[in-house]
Amino acid sequence: MSVLRSCRAVSVVLLLTATGCAKEPSSVLDEEWPRRVLITNDDGIDSQPTLELARAFSQSAETFLVAPIQNQSSGTNFATAARTSRFEVEPRDVGPGITAWAVEGFPADCVFFALAGPLRDDPPDLVVSGVNTGSNLADAWILSGTIGAVRVAAYYGIHGMAVSGIDEDDPEAVERVAAWVVRFAQSEAVRLTEPPRFLTVSLPVGPASGIQGVEVVERARGLRDMRSQLLSEDADGTGRQIWSFDVIRDALPAPDNTDAAIVAGGEIAIVAMRVDESDPELNRWLKRNIDLIPTW
């Protein structure tokens, strides 16, 4: 990627556990919440749904928009700053009530920059990633940069939700979805979803009038068909092979009451996630069966 002409290079050490960014669980529910919101995405800072979402939040909260300078879809939670220990950022003016930076990097870089840099001493109450123009249903979540950004936030103790699915060419849908996301963010359902838990929200792509309701469901799994095919072998004399890679989404039908099935039926699907991937049950089983592990 090219170096931004008007960038500000910021050297960082990405040890956020030492910066005090992790927040204590919310204890007072009678205060206005969220007070400070960080908006990001993987579609790029010029994404109209994301800009509309930031403007909607700015009516009720201190709002920060930190997003990639260009589309970085399918970046998961990869962060270039983890290798380079620096960020290249460009301050942006996107309208009143919003402090914005475009980041040369991925969505996770945007969260790291915000938490380790300008929001270090007063971190946001909530990170909202989206509204992503593509869907992140079923297996798609694991590669999603939209969801990856919120995973990073939740890991470091910040409430978060990732929102996907919108027709960016439908101004009414963009406006109504942004307004609904703000109302949802202000609800106790989001406030009481403490890190390391976070939420993903998937909307039907189409007119807002076609949305039938909201359901809390499980995530569908195993719907993709992944195939590779050998294209050429040793074409350049190095001995390397070149394979094509094709992913067919929704190759298999989604089970009832899963996110993919619910959204296909015109409803919003909310799935509860957890960034902490430790397995206490398996850990206890291994402790009980320590003799199965070879001695050193």
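Residues numbered from 1 in each chain as written. Predicted model: local features only at pLDDT ≥ 70, side-chain atom pairs only at ≥ 80, totals over all residues. Heavy atoms only, no water.

So, about the packing of aromatic side chains. Two aromatic rings are characterised by how far apart their centres lie and by the angle between their planes. With the rule as written, the count across this model stands at 6 aromatic pairs. Here the aromatic rings of Trp 180 and Phe 184 are separated by 5.3 Å at their centres, their planes lie at 15°, and the arrangement is stacked. On the criterion of helical spacing, the pair formed by Trp 180 and Phe 184 is a turn pair, its members being 4 residues apart in helix α5 (residues 171-185). Summarising the burial analysis for this pair, Trp 180 and Phe 184 share the class buried. Pairwise contacts between aromatic rings join Phe 87, Trp 101 and Phe 113 into one cluster. (Phe/Tyr/Trp six-rings, centres within 6.5 Å; stacked < 30°, edge-to-face > 60°. Helix = DSSP H or I, 4+ residues; strand = E, 2+ residues; numbered from the N terminus. Buried < 20%, exposed > 50% of the residue type's maximum accessible area, 1.4 Å probe, protein only.)

Attention now goes to the pairing of strand β4 (residues 86-92). Both β4 and strand β5 (residues 98-103) contribute to a ladder of 4 bridges, which runs antiparallel. Directly across from Arg 92, in β5, lies its bridge partner Ala 100. Between β4 and β5, which follow one another and run antiparallel, lie 5 residues, and Gly 95 among them has a positive phi close to 130°. (Pairing = 2+ DSSP bridges.)

The next subject is the packing of helix α3 (residues 107-116) against helix α4 (residues 145-155). Close contact between α3 and α4 brings their axes to 8 Å; oriented N to C, the two are set at 30°. Relative to α4, the element α3 lies roughly parallel. The two elements α3 and α4 cross, and the hand of that crossing is right-handed. Here α3 contributes Pro 107, Ala 108, Val 111 and Phe 112 to the contact with α4, which in turn contributes Gly 145, Ala 149, Val 152 and Ala 153. Counted by class, the contact of α3 with α4 contains 7 nonpolar, 1 polar and no charged residues. (Axes fitted to C-alpha atoms, helices over the stretch in contact; angles between N-to-C directions. Parallel < 35°, antiparallel > 145°, perpendicular 65-115°, else oblique. Left-handed = near helix turned anticlockwise from the far one by under 90°. Contact = heavy atoms within 4.5 Å. Nonpolar A, V, L, I, M, F, W, Y, C, P; charged D, E, K, R; others polar.)

The final tally for this structure, using the stated rule, is 8 salt bridges. Among the ionic pairs, Arg 36 bridges to Asp 122, the shortest N-O distance being 3.5 Å. Highlighted residues: Arg 36 in strand β2 (residues 36-40) and Asp 122 in the loop between α3 and β6 (126-132), separated in sequence by 86 residues. Owing to a relative accessible area of 31%, Asp 122 belongs among the partly exposed residues under this scheme. Put simply, Arg 219 and Asp 259 hold a salt bridge, and the shortest N to O gap is 3.1 Å. A residue pair is termed long-range when its members are at least 10 positions apart, and Arg 219 in the loop between β9 (213-216) and β10 (225-233) and Asp 259 in helix α7 (residues 259-264) qualify at 40 residues. Of the two residues examined, Arg 219 and Asp 259, each falls in the buried class. (Salt bridge = Lys/Arg side-chain N within 4 Å of Asp/Glu carboxyl O.)

Looking now at α5. Counted at 1.5 Å a residue, the expected span for α5 with its 15 residues is 21 Å, and the 21 Å between its end C-alpha atoms agrees. Within α5, the full set of buried residues consists of Ala 173, Val 174, Val 177, Ala 178, Trp 180, Val 181, Val 182, Phe 184 and Ala 185. In this structure Asp 170 caps α5, since a side-chain oxygen of it lies 3.2 Å from the backbone nitrogen of Glu 172. (Expected span 1.5 Å × (residues − 1). Polar contact = N/O pair within 3.5 Å; in protein donor to acceptor, adjacent residues only side chain to side chain.)

For the rest of this paragraph, the subject is the packing of helix α1 (residues 48-57) against α5. Following both chains from N to C, one finds α1 and α5 inclined at 45°, their axes separated by 9 Å at the closest point. Regarding the angle of α1 to α5, the classification is oblique. Judged by the twist between their axes, the crossing of α1 over α5 is right-handed. Where α1 approaches α5, its residues Gln 48, Pro 49, Glu 52, Leu 53, Ala 56 and Phe 57 are matched on the opposing element by Val 174, Glu 175, Ala 178, Val 181, Val 182 and Ala 185. Looking at the contact of α1 with α5 residue by residue, the classes come out as 9 nonpolar, 1 polar and 2 charged.

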